[in-house]
Amino acid sequence: VEVKIEVVIPEKERSKEEMSPNGKASPLIYKVNGTARHYHLEEHPIASNPYHNPKDVVEASVCHVKDLENGQMREVDLGCGKALLIKESGEFHAVGHKCPHYGAPLVKGVLSKGRVRCPWHGACFNIGTGDIEDFPGLDSLPRFQVKIEKEKVYIRASKQALQTQRRTKVMAKCISLSNYNLSSTNVLIIGAGAAGLVCAETLRQEGFSDRIVMCTMDRHLPYDRPKLSKSMDSHPEQIALRPKEFFCTYDIEVLTEMQVAAVDVKSKIAVFKDGFKMEYNKLLIATGNTPKTLSCKGKEMENVFNIRTPEDANRVVKLATSKNVVIVGASFLGMEVAAYLAERAHSVSLVELEHVPFKKFFGERVGRAVMKMFENNRVKFYMQTEVSELREQEGKLKEVVLKSGKVLRADVCVVGVGAVPATGFLKQSGINIDSKGFIVVNKMMQTNIPGVFAAGDAVTFPLALRNNKKVNVPHWQMAHMHGRIAALNMLAHGTEISTVPYLWTAMFGKSIRYAGHGEGFDDVVIQGDLDELKFVAFYTKSDEVVAVASMNYDPIVSKVAEVLAAGRTIRKRDVEETSLIFLSFRTGDMSWLTGKGS
């Protein structure tokens, strides 16, 4: 018995494509530098569906059916690209072998109950359809049909699908965009980050064909914000989440450099800073957060930055090259910027109020190991102190004065001391805001006002993992999921959020991966070698594991995420057994990590 794989489009998506309500895309209006511009589909043609071209098909032999046991995955080479072959519950499946997010090899990920989870950043894909089920990332995997025949094994696949390793789900378009006046829309999305974009895309994927308008204070279309501190010299077009023609094709309008000043929930009107008003039927608020600034003398000086835009990041890199840099705050942003600039700047100094970086998030022992890695890369720490003054010379930053009395030479200063939710414009709206400024939502991302939803860094929501405790989780992955849940419930699907938080940070070519929600942890069980930066840290509260972090121990964080996502509990005693941890890493067998029914 052997295996044959053939590319197909799921029947549901084929019918959607054939029944597209618009043969020709309506004009897209979005603002660049305050000027309205119109784009038509003809100006930016989208490539035709690769599955419809027989010349694009390649066939190649693959493995014997007995080569794979249940629960196993294998990359198979078709000559012009690879596919991921999976056997689960006696059935074979084949999908793209790379995660569409950053290209991680999914064969090194975690297979569990019909889906594969990326080993790097936790995105999940259905092995039967290739559809993305958890984030980050926007695209799904190409799916290949598997056939079993006697004696010979074949894979029949689209060359283009094998090369791109991604599939954008079929989406609807706006049926009659011309019927709307400029000041009214069915769905208004305030904010164009991950939450806002995923909301808009999900609506279109679900067949929504009315008007969608996104508005953002930014001058750019949605982009990969985590790269602002991880890859600081990236230009806006390099980190765009979707190209301009995507928004045109699917009639998703984006108003750039537009700030909402107030929302009248009774009249369903958003009032912009320039006086423009827009009526809406459904509203998503996904405004994210605003960076905190320093309160000391000289804070408004030139060459003092909050990294908020690609231009900010690019400018910092240019000014910091071969110069003296001071970073205030050992936050994720501050530490990532320090790591990125260490090889480029003459000196990098980091000022932090705590005595160890990441202490509240990763714990003291992991924090010290990370701190040592930075010190070995020429980053100088000034801990348990604050900035008292920024001094200038000829109008430019020259020195940073600390409360300890130390004076640091500084040509550039980057501030990363946290952020506050960007919700000030909602204070008089009647939308429920908590004492810290976060928008309060339920499991369906609904606010207390009917038809008004909120998502992303600016909200608190019930986290199933922590017994529905209201939490704020300002992670890129979580913003994606918030946007999807909000869209589904705008369409009255009644879908509740149940995802496990997942994040990563990258420094000096190394990554720390993290899953769960460790707020309030009372102990950390560490396996591995912190000095060698090869470890797993389990964060426990009472007897229960609530989060995990690792470095050079893939895919254990993704495995733990799958266990927690299944609603199972991992006990502290389960992770204190050193031999099991090391055995799982050497052999890839993590069957011991199954958890108990909660």
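Residues numbered from 1 in each chain as written. Predicted model: local features only at pLDDT ≥ 70, side-chain atom pairs only at ≥ 80, totals over all residues. Heavy atoms only, no water.

- Identification of the protein as Apoptosis-inducing factor 3 from Leucopsar rothschildi is taken from an unreviewed UniProt entry.
- Per UniProt, the protein carries the Sequence similarities (unreviewed entry) text "Belongs to the FAD-dependent oxidoreductase family." (UniProt positions renumbered as here; feature names shortened; annotations may be inferred.)

Some remarks on the pairing of strand β5 (residues 72-77)
Argument step 1. Taken together, the 6 bridges between β5 and strand β6 (residues 82-88) define a ladder with antiparallel strand orientation. Looking across to β6, one finds that Q72 is bridged to K87.
Argument step 2. Taking the residues between adjacent antiparallel strands as the criterion, β5 and β6 are bridged by 4 residues, where G79 takes a positive phi near 95°. (Pairing = 2+ DSSP bridges. Helix = DSSP H or I, 4+ residues; strand = E, 2+ residues; numbered from the N terminus.)

Here's the deal with the pattern of salt bridges
Argument step 1. The tally for this structure, following the rule as stated, stands at 22 salt bridges.
Argument step 2. R242 is paired through a salt bridge with E201; the nearest N and O atoms lie 2.8 Å apart. Note that R242 is positioned in the loop between α4 (227-230) and α5 (244-249) and E201 in helix α3 (residues 194-205), a separation of 41 residues in sequence. E201 carries the same exposure label as R242, and that label is buried.
Argument step 3. Here E519 and K469 are joined by a salt bridge, their closest N and O atoms 3.8 Å apart. With E519 in the loop between β36 (510-516) and β37 (523-529) and K469 in strand β34 (residues 469-471), this pair connects stretches of sequence that are 50 residues apart. (Salt bridge = Lys/Arg side-chain N within 4 Å of Asp/Glu carboxyl O. Buried < 20%, exposed > 50% of the residue type's maximum accessible area, 1.4 Å probe, protein only.)

A word on the packing of α3 against helix α10 (residues 476-490)
Argument step 1. α10 packs onto α3 with a crossing angle of 40° between their chain directions and a minimal axis gap of 7 Å. With respect to each other, α3 and α10 are oriented oblique. Both α3 and α10 take part in a crossing whose hand is right-handed. Listed contacts from α10 to A194, A195, V198, C199, T202, L203 and Q205 of α3 are W476, A479, H480, G483, R484, A487, L488 and M490.
Argument step 2. Broken down by class, the residue content of the contact of α3 with α10 amounts to 10 nonpolar, 4 polar and 1 charged. (Axes fitted to C-alpha atoms, helices over the stretch in contact; angles between N-to-C directions. Parallel < 35°, antiparallel > 145°, perpendicular 65-115°, else oblique. Left-handed = near helix turned anticlockwise from the far one by under 90°. Contact = heavy atoms within 4.5 Å. Nonpolar A, V, L, I, M, F, W, Y, C, P; charged D, E, K, R; others polar.)

Describing the side chain of E562
Argument step 1. With respect to the helices, strands and loops of the structure, E562 is situated in helix α11 (residues 556-565).
Argument step 2. E562 gets classed as buried once you look at its relative accessible area, which sits at 7%.
Argument step 3. Among the polar contacts made by the side chain of E562, one reaches the side chain of R115 at a distance of 2.9 Å.
Argument step 4. Excluding its chain neighbours within four sequence positions, the residues that come into contact with E562 are V110, S112, R115, R117 and C124. (Polar contact = N/O pair within 3.5 Å; in protein donor to acceptor, adjacent residues only side chain to side chain.)

Quick look at the pairing of strand β15 (residues 212-215)
Side-chain direction in a regular strand flips from residue to residue, so the side chains alternate between the two faces of the sheet.
Argument step 1. Side chains I212 and M214 of β15 all project onto a buried face; the interleaved residues V213 and C215 project onto the opposite face, where all are buried too.
Argument step 2. In this view, the connection linking strand β14 (residues 187-190) to its parallel neighbour β15 by way of α3 has right-handed handedness.
Argument step 3. When β15 meets strand β16 (residues 252-255), the two strands line up parallel, connected through 4 bridges. Bridging from a neighbouring strand, M214 pairs with V254 of β16. (Right-handed = clockwise from strand over helix to strand, strands pointing away.)

Examining α3
Argument step 1. With 12 residues, α3 extends 16 Å from end C-alpha to end C-alpha; this agrees with the ideal 16 Å at 1.5 Å per step.
Argument step 2. The element α3 is largely enclosed, with a buried count of 12 among its 12 residues.
Argument step 3. Among all positions of α3, only A194, A195, G196, L197, V198, C199, A200, E201, T202, L203, R204 and Q205 are buried.
Argument step 4. Positioned one or two residues after α3, G207 has a phi angle of 90°, which is positive. (Expected span 1.5 Å × (residues − 1).)

Some thoughts on the nonpolar core
Most often, soluble globular proteins keep nonpolar side chains buried together rather than apart.
Argument step 1. Ranked by internal contacts, the top residues of the largest apolar core, which has 98 residues, are L188, V263, L284, I285, F461 and F538.
Argument step 2. In this structure, V263 is in contact with I190, I269, Y280, L283, F425, L426 and S429, ignoring residues within four places of it in sequence.
Argument step 3. Within the second largest apolar cluster, 52 residues are counted, among which are A313, A342, V348 and V414. (Core = buried A, V, L, I, M, F, W, Y, C linked by side-chain atoms within 4.5 Å.)

Quick word on the sheet that holds strand β8 (residues 110-112)
Argument step 1. An order of β8-β9-β10-β11 is seen for the 4 strands of this open sheet, with the pairing classed as antiparallel. This sheet does not close on itself; its edge strands, each paired only once, are β8 and β11 (132-134). Ignoring strand direction, the axes of neighbouring strands in this sheet form an average angle of 30°.
Argument step 2. As paired elements, strand β9 (residues 115-117) and strand β10 (residues 124-126) share 3 bridges and run antiparallel to each other. In the sheet register, V116 faces β10, and the bridge partner there is F125.
Argument step 3. In the packing of α11 onto the sheet, the strands contacted are β8, β9 and β10, and the crossing angle to β9 comes to about 135°.

So, α11
Argument step 1. For α11, the tally of buried residues reaches 9 of 10 residues, placing the bulk of the element in the interior.
Argument step 2. Where α11 is concerned, the buried positions are I556, V557, S558, K559, V560, A561, E562, V563 and L564.

Side note on the environment of G109
Argument step 1. When you line up the elements, G109 lands in the loop between β7 (91-96) and β8.
Argument step 2. Considered as a pair, G109 and K559 are 450 residues apart in the sequence and their alpha carbons are 8.3 Å apart.
Argument step 3. The residues contacting G109, other than those within four sequence positions of it, are M73, R117, P119 and P555.

With respect to unusual backbone geometry
Argument step 1. Following F135, the chain continues to P136 via a peptide bond in cis, the omega torsion being 20°.
Argument step 2. Position of P136 relative to the elements: it lies in the loop between β11 and β12 (143-149).
Argument step 3. For the peptide bond that leads from D554 to P555, omega is 5°, which places it in the cis range.
Argument step 4. The topology assignment puts P555 in the loop between β39 (544-551) and α11.
Argument step 5. Phi is positive for N468, which is not a glycine, with a value near 65°.
Argument step 6. Of note in the backbone geometry, A492 takes a positive phi value of approximately 65° without being a glycine.
Argument step 7. Within the secondary structure layout, A492 lies in the loop between α10 and β35 (502-507).

Some thoughts on the side chain of H121
Argument step 1. Residue placement: H121 occurs in the loop between β9 and β10.
Argument step 2. Within the structure, the side chain of H121 is placed 3.2 Å from the side chain of H101, a separation counted as a polar contact.
Argument step 3. Beyond its immediate sequence surroundings of up to four residues, H121 is in contact with H101, Y102, F135, P136, Y502, W504 and R513.

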